[in-house]
Amino acid sequence: RAKSEGRNRACAFDASMADAVNHRRRLEHDLREALSRDDQAAPLGLSLAYQPQLRLSDQSLIGFEALARWNHPEFGAIAPDIFIPIAEEAGLIVPLGEWILKEACTTAATWDTPLTIAVNLSPLQIFDGDLAHHVHDVLVRTGLAPSRLELEVTEGVLIQNTDRALHILRRLKMLGVSIAMDDFGTGYSSLSYLQIFPFDKIKIDRAFISDLERNGHAKAIVRAVIGLGHAIGVPVLAEGVETESQLEILRSNGCDEAQGFLIGRPMPQASIASYLSLWAHPASTSLSQTSQKM
Ligand code: C2E
Ligand code: MG
Ligand code: MG
Ligand code: MG
């Protein structure tokens, strides 16, 4: 009896694994379809959301980070933490990344104020073809000033092939775009990478920010990263700021910039104009209340 129960359990396990594999295959297929229909127009169901970034010294808006969104016709919203890895494994991250870059630059070029636009790069994009040439091409075609584009990379980029990655990142910097190190503190060997590559900004991962009020170590780490950034002459941005008290701790410890739900949730392009006008005329409403969930 025990044996047959065991077998049934094994079958149920296999079935759910098969379901997961099939679901993944389906997503991969649909993503490929969506991207293949890109004839200048937006690929089916794909869009970008824009999350504001705040400068703490004068409370001014710096710019927005572009975040990929996929609204699947059948399954609804699929998180980028799900579909970006699928795109990477299916060999689709290059066309997807190209669409994201073009869309983000096109949108930023329409803004009345010269705010920056930050775009995430997958490690695979960095090593594919001639990225610097492609970025240059997109800047020329969209008319966006290179100084307004910031590319976000994670340490993973530098781990695989440090020399080649350095070469490519330096070429990108020569275009006049800046490079931010994303999710700082979650990988490893961060310090040696900071030493060999001159990043223009450090983004502290939100894992440390969410623990700021509760955990004395998180506070010490955040303070140390801010000090580290300043020691090498680089501004530090805190990711995932959700509360006034987190913002106050960051400000009192000299953090330069902040991003998170408190300042604004990722919003569709259509909401940016009203967000900007509200920013210019704050009135009585708090900015964090104005941005909708997306
Ligand atoms: P990331 O680049 O570190 O982006 C920040 C993530 O934190 C975003 O999640 C954002 O929505 C979320 N976030 C921002 N503020 C808060 C907050 O106050 N609280 C909490 N809990 N979360 C906050 P999202 O949009 O789900 O993206 C997740 C990750 O997927 C990104 O992390 C990035 O690694 C990747 N990703 C997103 N868009 C792209 C893209 O266009 N290209 C590539 N290669 N990766 C992308
Ligand atoms: Mg990012
Ligand atoms: Mg991040
Ligand atoms: Mg991330």
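This write-up is about the structure you can find in this document. These numbers were taken from a predicted model, which means no experiment stands behind them. (Residues numbered from 1 in each chain as written. Chains lettered and ligands numbered in written order. Predicted model: local features only at pLDDT ≥ 70, side-chain atom pairs only at ≥ 80, totals over all residues. Heavy atoms only, no water.)

### Some thoughts on the site of ligand 1
Inference 1: Near ligand 1 you find 23 residues, and of these Arg69, Asp182, Arg206, Glu242 and Phe261 are the closest.
Inference 2: Here a nitrogen atom of ligand 1 and a backbone polar atom of Ala68 are 3.0 Å apart.
Inference 3: If ligand 1 stood free it would expose 800 Å²; the protein chains cover 84% of that surface.
Inference 4: The cavity that encloses ligand 1 is the largest pocket.
Inference 5: Elements represented by at least two residues in the shell around ligand 1 include exactly β2 (60-72), α2 (80-89) and β6 (178-184).
Inference 6: Each residue belonging to the shell around ligand 1 can be placed in one class, and the counts come to nine nonpolar, five polar and nine charged. (Near = heavy atom within 4 Å. Polar contact = N/O pair within 3.5 Å; in protein donor to acceptor, adjacent residues only side chain to side chain. Areas by Shrake-Rupley, 256 points an atom, 1.4 Å probe, with all protein chains shown as cover. 1 Å grid on protein atoms, 1.4 Å probe; cavity = no way out; pocket = protein on both sides within 12 Å on 5 of 7 lines; lining within 4 Å. Sits in = over half its atoms within 2 Å of the grid points. Helix = DSSP H or I, 4+ residues; strand = E, 2+ residues; numbered from the N terminus. Nonpolar A, V, L, I, M, F, W, Y, C, P; charged D, E, K, R; others polar.)

### A closer look at the packing of aromatic side chains
Inference 1: For the coordinates displayed, the defined rule picks out five aromatic pairs.
Inference 2: Both rings, one in Tyr50 and one in Trp111, keep their centres 6.0 Å apart while their planes meet at 80 degrees; by these two values the pair is edge-to-face. In this pair, Tyr50 is assigned in strand β1 (residues 46-55) and Trp111 in the loop between α3 (93-110) and β4 (116-120), connecting sequence segments 61 residues apart. The exposure classification of Tyr50 matches that of Trp111, with both residues buried.
Inference 3: Aromatic pair Phe64 and Trp111: ring centres 5.1 Å apart, planes at 55 degrees, arrangement tilted. Of this pair, Phe64 sits in strand β2 while Trp111 sits in the loop between α3 and β4; the two residues are 47 residues apart in sequence, bridging distant segments of the chain.
Inference 4: Three or more aromatic residues joined by ring pairs make a cluster, and in this case those are Tyr50, Phe64, Trp111 and Tyr275.
Inference 5: Over the ring of Phe261 we find Arg265, and its NZ or CZ is 3.9 Å from the ring centre. (Phe/Tyr/Trp six-rings, centres within 6.5 Å; stacked < 30°, edge-to-face > 60°. Buried < 20%, exposed > 50% of the residue type's maximum accessible area, 1.4 Å probe, protein only. Lys NZ or Arg CZ within 6 Å of the ring centre and 35° of its normal.)

### Regarding the environment of Arg171
Inference 1: Examined against the element boundaries, Arg171 turns out to sit in helix α7 (residues 162-174).
Inference 2: For Arg171, a relative accessible area of 32% puts it in the partly exposed group.
Inference 3: Placed 78 residues apart in sequence, Arg171 and Ile93 show a C-alpha to C-alpha distance of 21 Å.

### Details of the nonpolar core
Buried together is how nonpolar side chains tend to be arranged in soluble globular proteins.
Inference 1: In this structure, Phe64, Ile117, Leu149, Leu151 and Leu172 are the most contacted members of the largest nonpolar core, which totals 84 residues.
Inference 2: Not counting the four nearest positions on each side in its chain, Leu149 is found in contact with Leu101, Cys105, Ile117, Val119, Val135, Leu139, Leu144, Val177 and Ser178. (Core = buried A, V, L, I, M, F, W, Y, C linked by side-chain atoms within 4.5 Å. Contact = heavy atoms within 4.5 Å.)

### Quick word on the pairing of β6
Inference 1: Most of β6 sits out of view: six of its seven residues are buried.
Inference 2: Sheet topology note: the strand β5 (residues 149-153)/β6 ladder contains four bridges and is parallel. Within β6, the residue paired with Glu152 across the bridge is Ala180.
Inference 3: Sheet analysis places β6 next to strand β7 (residues 201-204), joined by three bridges and oriented parallel. The partner of Phe184 across the bridge, within β7, is Ile204. (Pairing = 2+ DSSP bridges.)

### Side note on the coordination of the magnesium ion (ligand 3)
Inference 1: Around the magnesium ion (ligand 3), the donor atoms from the protein are Asp182 (OD), Asp183 (OD), Glu239 (OE) and Glu239 (OE), and they sit 2.0 to 2.4 Å away.
Inference 2: Every donor residue of the magnesium ion (ligand 3) comes from the same chain, spaced as D-D-x55-E.
Inference 3: In this model, the magnesium ion (ligand 3) sits 3.9 Å from the magnesium ion (ligand 2), the two metals being bridged by Asp182.
Inference 4: By relative accessible area, which is 25% here, Asp183 ends up partly exposed. (Donors = N, O, S within 2.8 Å, 3.2 Å for Na, K, Ca; no water.)

### Side note on the pattern of salt bridges
Inference 1: Evaluated as defined, the whole model comprises 14 salt bridges.
Inference 2: For Lys201, the salt bridge goes to Glu150, with nearest N and O atoms at 3.5 Å. Highlighted residues: Lys201 in strand β7 and Glu150 in strand β5, separated in sequence by 51 residues. Glu150 shares its class with Lys201; the two are buried.
Inference 3: When salt bridges that share partners are traced, they join Glu65, Glu152, Lys203 and Glu239 into one network. (Salt bridge = Lys/Arg side-chain N within 4 Å of Asp/Glu carboxyl O.)

### Focus on the layout of surface pockets
Inference 1: Computed from the structure, the largest pocket encloses a volume of approximately 1300 Å³.
Inference 2: Taken together, 42 residues form the lining of the largest pocket, with Leu67, Asp81, Asn120, Asp182 and Asp183 sitting closest to its centre.
Inference 3: Contributions of two or more residues to the lining of the largest pocket are made by β2, α2, α3, α4 (123-127), β5, α6 (156-160) and β6.
Inference 4: Taken together, the residues of the lining of the largest pocket break down into 15 nonpolar, 13 polar and 14 charged. (Points joined across faces, edges and corners; volume = space filled by probe spheres on them.)

### As for the coordination of the magnesium ion (ligand 2)
Inference 1: Those protein atoms acting as donors to the magnesium ion (ligand 2) are Glu65 (OE), Asn120 (OD1), Glu152 (OE) and Asp182 (OD), and they sit at 2.0 to 2.3 Å.
Inference 2: Between consecutive donor residues of the magnesium ion (ligand 2), the sequence gaps follow E-x54-N-x31-E-x29-D.
Inference 3: Looking at Glu152, the relative accessible area reads 1%, which means it is buried.

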